[in-house]
Amino acid sequence: DQQVKQNSPSLSVQEGRISILNCDYTNSMFDYFLWYKKYPAEGPTFLISISSIKDKNEDGRFTVFLNKSAKHLSLHIVPSQPGDSAVYFCAAPTDNTDKLIFGTGTRLQVFP
Amino acid sequence: NAGVMQNPRHLVRRRGQEARLRCSPMKGHSHVYWYRQLPEEGLKFMVYLQKENIIDESGMPKERFSAEFPKEGPSILRIQQVVRGDSAAYFCASSSIRTSTDTQYFGPGTRLTVL
């Protein structure tokens, strides 16, 4: 039962263009979402989050959009840089223990 | 300004041996979460601990796996009689308080290889 889904395993974008990473969820009880970035051989690094009371949260080059009716969120990176090349996971805390449910990740490659 | 520390970073074991993975949370953090990432998959929750207490172990395999977070010292994830299917990256994360909006900070992971 995959409650958080990232249907695109990989994405390739040219430097300077926009990267859009998508995430869908099935549990309507989720009220908070996080994006993590992961480089090879490292742990995930928190990137940006959004509460369900908002539909947009922006931090520098990173913006997360939330569409509650569609149970969909997306991460926009603009302009994309080669250093953004990594695997991006969306996640949501669940239950009263706040364990994170992760998507399977999208591997972003930004080429010059 | 140490973040979450995990050791060892790499661990090689033969089938049937025991694996011990350690996690020291960030300073001031009393909540520890363990996750496992199998190859080509996302991270899967295993267990959530506070000092001296297991709060949620719903993601832990019923046999061979155990976790603790003693009053003093790091959190330990212990895998007895390892099998090849235990080969994975094990990450721990810590947070300061338990709310759904508190960020969990991850360690670099321990990569376990079972021969």
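Residues numbered from 1 in each chain as written. Chains lettered and ligands numbered in written order. Predicted model: local features only at pLDDT ≥ 70, side-chain atom pairs only at ≥ 80, totals over all residues. Heavy atoms only, no water.

1. Thoughts on the interface of chain B and chain A
Then step 1. Facing 24 residues of chain B, the contacting portion of chain A comprises 20 residues.
Then step 2. In this assembly, chain B and chain A are joined by one salt bridge.
Then step 3. A salt bridge links B:Asp56 to A:Lys99; the shortest N-O distance between them is 3.3 Å.
Then step 4. Across the contact surface, chain B and chain A share five residue pairs in polar contact (both at pLDDT 80 or more).
Then step 5. When its residues are assigned to classes, the side of chain B that touches chain A shows nine nonpolar, nine polar and six charged. (Contact = heavy atoms within 4.5 Å. Salt bridge = Lys/Arg side-chain N within 4 Å of Asp/Glu carboxyl O. Polar contact = N/O pair within 3.5 Å; in protein donor to acceptor, adjacent residues only side chain to side chain. Nonpolar A, V, L, I, M, F, W, Y, C, P; charged D, E, K, R; others polar.)

2. Let's talk about the side chain of A:Lys38
Then step 1. Relative to the assigned elements, A:Lys38 resides in strand S4 (residues 32-38).
Then step 2. One buried charged side chain, A:Lys38, makes no salt bridge at all; its nearest oppositely charged neighbour is A:Glu42, positioned 8.0 Å away.
Then step 3. Apart from residues lying up to four places away in sequence, A:Lys38 is in contact with A:Gly43, A:Pro44, A:Ala86, A:Val87, A:Phe89, B:Gln37, B:Phe91 and B:Arg111. (Helix = DSSP H or I, 4+ residues; strand = E, 2+ residues; numbered from the N terminus. Buried < 20%, exposed > 50% of the residue type's maximum accessible area, 1.4 Å probe, protein only. Lys, Arg positive; Asp, Glu negative; His and termini not counted.)

3. So, a nonpolar patch on the surface
All names here are of chain A.
Then step 1. Among the surface-exposed residues, Ile 18, Ile 20 and Val 78 lie close enough to one another that they form a single nonpolar patch of about 230 Å² accessible area.
Then step 2. For Ile 20, the position within the fold is in strand S3 (residues 19-25).
Then step 3. Residue classification places Ile 20 among the partly exposed positions, given a relative accessible area of 36%. (Patch = residues over 30% accessible without salt bridge, like charges linked within 9 Å, V, L, I, M, F, W, Y side chains within 5 Å. Areas by Shrake-Rupley, 256 points an atom, 1.4 Å probe, with all protein chains shown as cover.)

4. Quick look at unusual backbone geometry
Then step 1. Geometrically, the link from A:Val78 to A:Pro79 is a cis peptide bond, its omega value of -10° lying close to zero.
Then step 2. The residue after B:Asn7, namely B:Pro8, is reached through a cis peptide bond having omega 0°.
Then step 3. If you trace the backbone, B:Pro8 turns up in the loop between strand S1 (5-7) and strand S2 (10-13).
Then step 4. The backbone phi angle of A:Ala41 is positive, close to 65°, even though this residue is not glycine.
Then step 5. Relative to the elements of secondary structure, A:Ala41 occurs in the loop between S4 and strand S5 (45-51).
Then step 6. The class of A:Ala41 is partly exposed, set by a relative accessible area of 42%.

5. Overview of the sheet that holds S1(B)
Residues and elements named next belong to chain B.
Then step 1. Sheet architecture is open: four strands sit in the order S1-S3-S8-S7, paired in antiparallel fashion. Only two strands of the sheet have a single partner each, and these edge strands are S1 and strand S7 (65-68). The average angle at which neighbouring strand axes cross in this sheet is 15°, direction not considered.
Then step 2. For S1 and strand S3 (residues 19-24), the ladder comprises three bridges, and the chain directions are antiparallel. When the sheet's bridge partners are listed, Gln 6 is paired in S3 with Cys 23. (Pairing = 2+ DSSP bridges. Axes fitted to C-alpha atoms, helices over the stretch in contact; angles between N-to-C directions.)

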